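Geometric and topological summary
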Amino acid sequence: MSDRKPDAYGSSAPKTTDTSHRRTWDRTAYAEKAASREAQIKEEGKARYEASLKGQKYHAPHHKSSILNDNEHKFEETHDTSARQARLNVADQVGKTQVIISGAGQGKRGKSAGFYCEVCDLTYKDNLQFVEHLNSRQHLVASGESGEVRRAGLEEVKARFAYLVANRKEAKAREVVDLGERIEVAREVEEREREEKRRRRNEKRRKTEGGVGVVEVKVEGDGVIC
Amino acid sequence: MAHHADAKRALDERGYTGSLIRGDNPLKLFEKPVRDRIIESYYWKEQCFGLNAATLLDRALELTFIGGTYGVAQRPTPFLCLAFKLLQLTPDKEIILFYLRQEEFKYLRALAAFYIRLAWEKDAEVYETLEPYLADARKLKRRTREGWALTHVDEFVDDLLVKSRICATTLPKLNPRLFLEDEDKLEPRISALGEELEELDGDDGESDGEVEEVEAMAGEHAIGNGHGNSHVVSDDGASDEVMDGD
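This is a predicted model, so every value here is computed, not measured.

1. Quick look at the overall build of chain A
Scanning chain A from terminus to terminus reveals 6 helices and 3 strands. Start at the N end of chain A and walk to the C end: the helices and strands fall as α-α-β-β-α-α-β-α-α. Out of the 226 residues in chain A, the part that is buried amounts to 19%. Contacts in chain A between residues at least 24 apart in sequence constitute 44% of all its contacts with a sequence separation of at least 6.

See below:
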C-alpha cells in the first residue's frame with residue numbers, strides 16, 4: 001500500500017484515506033508464525049505419544065533453553081539432579097542497600113527486594129522460601145533438571161571418599177603452622193578488613209541521590225533464616 | 001536407577017513403591033513430629049537435597065556432633081537429618097558396611113551404626129556387626145536437648161544395643177543377646193577386656209576390689225558387656241547424666 005502509482009499530477013506520495021490512521025497487520029508474517037506453531041504442537045504431540053509408548057514421560061523443552069537453542073525446537077535432555085556443591089550464598093547482601101526499580105515486581109514475579117531467582121523470575125522474602133523454591137518442581141523443570149538423582153554404587157562411594165580424604169589432606173598441608181607466618185597472615189587480614197571498613201564508611205557519608213525508584217532494603221532480622 | 005531428590009514422594013504414604021523396611025516405608029522409622037521437624041529445617045532443604053550415597057559423604061565428613069532434636073523448637077541435628085536421608089536412600093549393605101568400617105571418621109561410623117540398628121532386620125546380624133565397635137574408644141560430642149555432652153563411640157554403640165530410645169527415635173525392638181544365645185543364633189560374647197574381666201571377677205567382694213573396679217573403669221571407657229552380665233563395673237551418677245536426654 002506504500003507503493004503508489006503516480007497519480008494524475010505525477011506525485012507518488014501515499015494518499016491518506018479514511019482508515020489510514022488505523023493499524024495494519026502483516027498477514028504473511030503472522031500466517032508463517034501460525035504455521036510454525038501448529039507444526040511445533042504436532043511435533044510435541046508425536047514426541048509425547050512416542051514417550052508414552054515407551055512408558056516414559058516427555059519433558060518439554062523449557063522456554064529459556066529454546067531461546068538459547070536458536071529457536072529450534074529440540075527435545076533437550078534433562079540432566080540429573082545432584083546435590084549442591086557449595087552453601088547458598090544468602091548472607092552477603094545483608095546490610096547492603098540496593099536501588100531497585102519500584103515497578104519491577106508484582107508479588108513474587110519480577111525482581112524486587114529479597115532473594116531473586118533468575119531462571120523463574122521470582123523473588124522471595126527470606127532464604128527459607130528461596131531454598132524451598134530452588135528445590136521445587138517448578139524450578140527444576142525450568143532449569144532443565146529432572147528431579148531425580150542417580151543412585152550411587154559402592155565403587156562411586158569409595159571413589160568419592162578417597163577424593164574427599166585427599167582434599168582434606170591437601171587443605172591441612174596448606175595450613176600455615178609456623179608462628180611467624182601466621183602473624184603475617186593475620187596482619188594482612190586485618191589490613192584488608194580495615195580497608196573495607198574505611199571504604200564502607202566513605203560510601204555511607206557520601207550523599208545518596210534522591211529520586212524515583214530508590215528503595216532502601218532494610219528487612220527486619222535481615223530475612224535470613226538458618 | 002534413579003530416585004527422587006526430594007523426600008516428598010517417599011513421605012506421601014499413598015503411593016510408596018520403594019524398598020521396605022520391616023514391611024513399611026523406611027521413613028516411618030522416625031516419628032511423625034520428628035519427621036516434620038527434619039523436613040522443615042533449613043539444613044535438610046539446603047544441604048540434603050539431591051544427595052546420593054556418594055555425595056552424602058561430603059556432608060557426613062563435616063559432622064561434628066551426634067544428637068536428636070534440641071532446643072525449644074525441637075530443631076533436628078545434621079546427624080539426624082543425614083540419618084533420615086540414609087533411610088530415604090536405603091543404600092546397599094556393602095555401602096553401609098563401608099561407612100562403618102572406615103577408620104578415619106568417627107561420626108560417619110556413628111551414623112552407619114545408627115542406620116544399621118534402625119534398618120537391619122536380623123537381630124543376630126546387628127549384634128555381630130556392631131559389637132566389634134565396642135572397642136572403639138574415641139570421643140563423640142553429643143547435643144542434648146539443652147546443651148552438650150561428652151560420649152564415646154563405644155558408649156553410643158552400647159546405647160544402640162541396649163536402650164530403647166536414642167537420638168529422638170524409638171529404636172525397633174531388638175531381642176536381647178541372652179535370648180539369641182539361648183536360641184543358638186549367637187555365640188556368647190567375648191569381651192575385648194578379656195582377662196581383665198576375669199581378674200575383676202576374682203576380686204569381687206573385697207574392699208580393695210572396689211578401688212580396683214573404679215580404677216579399671218577410669219582406664220577403660222567401655223561400659224556394659226551385653227545383657228545379664230553381673231555388673232562388675234559400677235555406674236557413676238555422672239555418667240548416667242551424660243547419657244540422659246535424647
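Still to come is the rest of the account.
2. A look at the packing of aromatic side chains
Counted by the stated rule, this structure contains 8 aromatic pairs over all chains. Relative to B:F156, the ring of B:F79 lies with its centre 6.2 Å away and its plane at 75°, an arrangement referred to as edge-to-face. Note that B:F79 is positioned in helix α5 (residues 78-89) and B:F156 in helix α9 (residues 153-162), a separation of 77 residues in sequence. Ring pairing ties together the aromatic residues A:F161, B:F98 and B:F105, which thus form one cluster.

3. What about the UniProt feature "domain: C2H2-type" (unreviewed entry) in chain A?
Within this structure's numbering, the places UniProt gives as "domain: C2H2-type" (unreviewed entry) are residues 117-139 of chain A. Regarding residues 117-139 of chain A, the helix share stands at 52% and the strand share at 17%, and the terminal C-alpha atoms are separated by 9 Å.

4. Some thoughts on the interface of chain B and chain A
Many descriptions give the size of an interface as the accessible area lost when the pieces come together. Across the boundary between the two partners, chain B contributes 35 residues, which contact 31 residues of chain A. Linking chain B to chain A there are 3 salt bridges. A salt bridge links A:E132 to B:K45; the nearest nitrogen and oxygen atoms lie 2.3 Å apart. At the boundary of chain B and chain A, one finds 8 residue pairs in polar contact (both at pLDDT 80 or more). Mapped onto the side of chain B that touches chain A, the elements with two or more residues apiece are β1 (2-4), α3 (42-47), α4 (55-60) and α6 (93-101) of chain B. Within the side of chain B that touches chain A, the residues separate by chemical class into 17 nonpolar, 8 polar and 10 charged.

5. Comments concerning helix α3 (residues 127-135) of chain A
Most of α3(A) sits out of view: 7 of its 9 residues are buried. Of the residues making up α3(A), those classed as buried are A:N127, A:L128, A:F130, A:V131, A:H133, A:L134 and A:N135. Where α3(A) is buried, its residues contact β1 (115-117), β2 (122-124) and α4 (137-142) of chain A together with α2 (32-40) and α3 of chain B. Of the residues that open α3(A), the one with a side-chain oxygen 2.8 Å from the backbone nitrogen of A:L128 is A:D126.

6. Considering α6(B)
Of the residues making up α6(B), those classed as buried are B:I95, B:I96, B:L97, B:F98, B:Y99 and B:L100. Next to the buried residues of α6(B) lie α5 (154-174) of chain A together with α4, α5, α7 (106-119) and α8 (123-130) of chain B.

7. Focus on the pattern of salt bridges
Any two side chains of opposite charge can pair, so long as their charged atoms come close to each other. All names here are of chain A. Enumeration over the complete set of coordinates arrives at 22 salt bridges over all chains. Notably, a salt bridge pairs E44 with R48, separated by 2.9 Å at the nearest N-O pair. In this pair, E44 and R48 are both assigned in helix α1 (residues 27-54), 4 residues apart and thus about one turn of the helix distant. Residue R48 is classed as partly exposed on the basis of its relative accessible area of 41%.

8. A closer look at the sheet that holds strand β6 (residues 147-152) of chain B
Residue and element names in this part refer to chain B. Taken together, the 3 strands give an open sheet; going across it, the order is β2-β5-β6, and neighbouring strands pair in mixed fashion. Since the sheet does not close on itself, it has two edges, and those belong to β2 (66-67) and β6, each with one partner. Against the sheet, α9 engages β2, β5 (139-144) and β6, with an angle of about 95° to β6.

9. With respect to unusual backbone geometry
For A:D121, which is not glycine, the phi torsion reads 60° and is therefore positive. With respect to the secondary-structure elements, A:D121 resides in the loop between β1 and β2. Positive phi is not limited to glycine here, since B:A168 has a value of about 60°. Positionally, B:A168 belongs in the loop between β7 (165-166) and β8 (169-170).

10. Observations regarding the packing of α6(B) against α7(B)
All names here are of chain B. At their nearest, the axes of α6 and α7 sit 7 Å apart, and the two run at 140° to each other. Taken together, the axis directions place α6 and α7 in an arrangement best described as oblique. Considering how the two elements wind past one another, α6 and α7 form a crossing that is left-handed. Of the residues in α7, those touching α6 at I96, Y99, L100 and R101 are L108, R109, A112, A113, Y115 and I116.

11. A closer look at the state of the cysteines
Under the counting rule described, the total for this entry stands at 0 disulfides over all chains. With no disulfide of its own, B:C48 has B:C81 as its nearest cysteine by sulfur position, at a separation of 5.3 Å.

12. Details of the pairing of β5(B)
All names here are of chain B. Only one face of β5 is buried: it carries L140, R142 and T144, and the other face, with K139, K141 and R143, is open. In this structure, β2 lies alongside β5, joined through 2 bridges in parallel fashion. Its bridge partner being in β5, I66 is matched across the sheet by R142. Across 6 bridges, β5 lies against β6 in antiparallel orientation. Residue pairing across strands places R142 opposite A149, the latter belonging to β6.

13. Some points on the packing of α5(B) against α7(B)
Residue and element names in this part refer to chain B. Contact geometry of α5 with α7 gives a least axis separation of 10 Å together with a crossing angle of 50°. Taken together, the axes of α5 and α7 lie oblique to each other. Crossing hand, α5 versus α7: right-handed. Here F79, L80, L82, A83, L86 and L87 of α5 come into contact with α7, specifically with Y107, A110, L111, F114, Y115 and L118. Residue classes in the contact of α5 with α7 are distributed as 12 nonpolar, no polar and no charged.

The rules behind these values
- Residue indices begin from 1 for each chain and proceed along its sequence in written order.
- Chains carry letters from A onward and ligands carry numbers from 1 onward, assigned in written order.
- In view of the model being predicted, local features appear only for residues whose pLDDT reaches at least 70, and side-chain atom pairs are presented and counted only at 80 or more, with totals across whole chains, interfaces and linings using the full set of residues.
- Side-chain metrics rest on all non-hydrogen atoms present in the structure, leaving aside hydrogens and water.
- Numbering of helices and strands runs from the N terminus, with a helix taken as a DSSP run of H or I at least four residues long and a strand as a DSSP run of E at least two residues long.
- Remark: exposure states derive from per-residue accessible area (1.4 Å probe, protein chains only) relative to the maximum for the residue type, with buried under 20%, exposed over 50%, and partly exposed in between.
- When checking whether two residues touch, look at their non-hydrogen atoms; a contact exists if any pair is within 4.5 Å.
- Aromatic rings from Phe, Tyr and Trp, taking only the six-membered ring of Trp, are treated as a pair when their centres fall within 6.5 Å; an angle between ring planes under 30 degrees marks them as stacked, one over 60 as edge-to-face, and anything in between as tilted.
- UniProt positions are given in the numbering used here, feature names are shortened, and annotations may be inferred rather than shown by experiment.
- Criterion for a salt bridge: a side-chain nitrogen of Lys or Arg within 4 Å of a carboxyl oxygen of Asp or Glu.
- Counting of polar contacts relies on pairs of N or O atoms within 3.5 Å, with two restrictions inside protein: one atom must be capable of donating a hydrogen and the other of accepting it, and residues adjacent in sequence are counted only when both atoms are side-chain atoms.
- Residues were grouped as follows: Ala, Val, Leu, Ile, Met, Phe, Trp, Tyr, Cys and Pro as nonpolar; Asp, Glu, Lys and Arg as charged; and all remaining residues, including Gly, as polar.
- At least two bridges found by DSSP between two strands is the condition for calling them paired.
- To obtain each axis, a line is fitted to C-alpha atoms, and for helices this fit is confined to the stretch in contact; angles are then taken between N-to-C directions over 0 to 180 degrees.
- An angle below 35 degrees is read as roughly parallel, one above 145 as roughly antiparallel, one from 65 to 115 as roughly perpendicular, and any other as oblique.
- Each crossing gets its handedness from the near helix: less than a right angle anticlockwise from the far helix is left-handed, clockwise is right-handed.
- Put simply, a disulfide is two cysteine sulfurs that come within 2.5 Å.

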